[in-house]
Amino acid sequence: MTQDLDVAKKRLAVAHRVTVLTGAGVSAESGVPTFRGAEGLWRNFRPEELATPQAFANDPKLVWDWYDWRRGLIAPLNPNPGHVAIAKMEGQFPEFLLVTQNVDGLHRLAGNKKIAELHGNIWFTRCTDEGTIAENRQVPMPEIPPRCRCGALLRPHIVWFGESLDYDVFQSVLSACRACDVLVVAGTSSVVHPAASLAGMAKDSGAFVIEVNPEETPITDFVDVHLRGKSGEMLPLLI
Ligand code: BJW
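Notes on the structure in this doc start here. (Residues numbered from 1 in each chain as written. Predicted model: local features only at pLDDT ≥ 70, side-chain atom pairs only at ≥ 80, totals over all residues. Heavy atoms only, no water.)

## Things to note about the sheet that holds strand E8 (residues 208-212)
With parallel pairing, six strands are arranged side by side in an open sheet as E3-E2-E1-E7-E8-E9. In this open sheet, the two edge strands, each paired with only one partner strand, are strand E3 (115-117) and strand E9 (225-227). Each strand of the sheet is rotated relative to its neighbour by a mean of 15°, with strand direction disregarded. The sheet contact formed by strand E1 (residues 17-22) and strand E7 (residues 182-186) spans five bridges and is parallel. By the bridge assignment, Thr19 is partnered in E7 with Leu183. Along the sheet face, helix H1 (residues 2-13) touches E1, E7, E8 and E9 and points at about 115° away from the line of E9. Together, E1, strand E2 (95-100), E3 and E7 form the strand contacts of helix H8 (residues 167-179), whose direction differs from that of E2 by roughly 125°. (Pairing = 2+ DSSP bridges. Helix = DSSP H or I, 4+ residues; strand = E, 2+ residues; numbered from the N terminus. Axes fitted to C-alpha atoms, helices over the stretch in contact; angles between N-to-C directions. Contact = heavy atoms within 4.5 Å.)

What follows is the structure, given as structure tokens:
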């Protein structure tokens, strides 16, 4: 492990372009539940019943009750040392992009500004008719399901299964992953696409890929360094 950590640090020390890809595991030490695994959110809920456009069309109140509960859970939480380390990295490299699958907003709270939120943000709503996106931090929501001023239903501004990612955001992410010297992948099970394909893409383009995770994942076999451990403990050691 010490040797792997040294190799990773040396690569970062000479890197100009760094991309960091994060998943739910990075927020776990702040108290946000992950999705999969023994303690994950999907342990009690079936994704297709809550995180698909069909689920929302069938029962918007059920879906909003779940998001309202999650918003209440996340609202009082703070960034952890893993988030803080990633925020420091942004100031260390001439070219930097944080690509996060997390919707909790904790990276922004930690100080990152160059962020691509691949799966949206739980603190924003989108009008199902006009498409208007607005920040909304009400906890709990006064009305469930909430409605836009135009009368149409509001939905969480989140990318559900079967929905496309924002085209411009994803293009910037592809460019950052293809051009970076080092890609750090932290706290993701690497099973949800297209995010799960980014490590392979970066590796094929010549990047040095560092994975931080207490578990092995589908990308562990081909990354250059797998730092086995919690992101709140491993990421501060990298900077
Ligand atoms: C720690 C830790 C600590 C614990 N420190 N680590 C190619 C192949 C197969 C399928 C597809 C494909 N391309 C597209 C698909 C379909 C689908 C998909 O990927 N399905 C797979 C599950 C099979 N993808 C999509 O539908 C995407 N859309 C799309 O591709 O559009 C084009 C298209 C349209 C139509 C058909 C086909 C394609 C959209 C995906 C949207 C994902 N949205 C979700 C839910 C949002 C709802 C919400 O948040 O409310 O986003 S799914 C859920 O998973 C959430 C997460 O962002 C995402 C990733 O999860 P993540 O972050 O990796 O969390 P976990 O829980 O899985 O893992 C946690 C990890 O942390 C673990 O490894 C732990 O070990 C670790 N950990 N503690 C560090 N302290």
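That shown, we press on.
## Focus on the site of the ligand
Close contacts around the ligand come from 34 residues, with Arg36, Tyr67, Arg70, Thr188 and Ser189 the closest. Within the backbone of Phe35, one N or O atom sits 2.7 Å away from an oxygen atom of the ligand. Measuring from an oxygen atom of the ligand, one finds a side-chain N or O atom of Arg70 at 2.5 Å. Compared with its free state, where it exposes 1500 Å², the ligand has 74% of that area covered by protein. Given that more than half its atoms are within 2 Å of the pocket grid, the ligand belongs to the largest pocket. For the shell around the ligand, the elements supplying multiple residues, two or more each, are helix H2 (25-28) and helix H5 (60-74). Counting residues per element, the shell around the ligand draws most heavily on H5, at three residues. Class assignment of the residues belonging to the shell around the ligand gives a composition of 15 nonpolar, 13 polar and six charged. Of the domains in this structure, domain 1 (2-32 + 79-118 + 165-238) and domain 2 (37-76 + 128-158) are the two that each give at least three residues to the shell around the ligand. (Near = heavy atom within 4 Å. Polar contact = N/O pair within 3.5 Å; in protein donor to acceptor, adjacent residues only side chain to side chain. Areas by Shrake-Rupley, 256 points an atom, 1.4 Å probe, with all protein chains shown as cover. 1 Å grid on protein atoms, 1.4 Å probe; cavity = no way out; pocket = protein on both sides within 12 Å on 5 of 7 lines; lining within 4 Å. Sits in = over half its atoms within 2 Å of the grid points. Nonpolar A, V, L, I, M, F, W, Y, C, P; charged D, E, K, R; others polar. Domains from an automatic or database assignment.)

## Observations regarding the pairing of E8
With five of five residues buried, E8 lies mostly within the body of the structure. Burial of the side chains of E8 extends over both faces: Phe208, Ile210 and Val212 are buried on one face and Val209 and Glu211 on the other. Where E7 lies against E8, five bridges are found, and the strand directions are parallel. Counterpart to Val184 in the pairing with E8 is Ile210. (Buried < 20%, exposed > 50% of the residue type's maximum accessible area, 1.4 Å probe, protein only.)

## Some thoughts on the side chain of Ser30
Looking at the element boundaries, Ser30 is found in the loop between H2 and helix H3 (47-50). Excluding residues that lie within four positions of it along the chain, Ser30 makes contacts with Leu77, Asn78, Pro79, Asn80, His83 and Leu106.

## So, the pairing of strand E6 (residues 154-158)
Consecutive residues of a regular strand have side chains that alternate between opposite faces of the sheet. Counting buried positions over the five residues of E6 gives four, a clear majority of the element. As judged from the five bridges shared by strand E4 (residues 120-127) and E6, these two strands associate in the antiparallel manner. Considered in E6, the bridge of Gly120 is made with Ile158.

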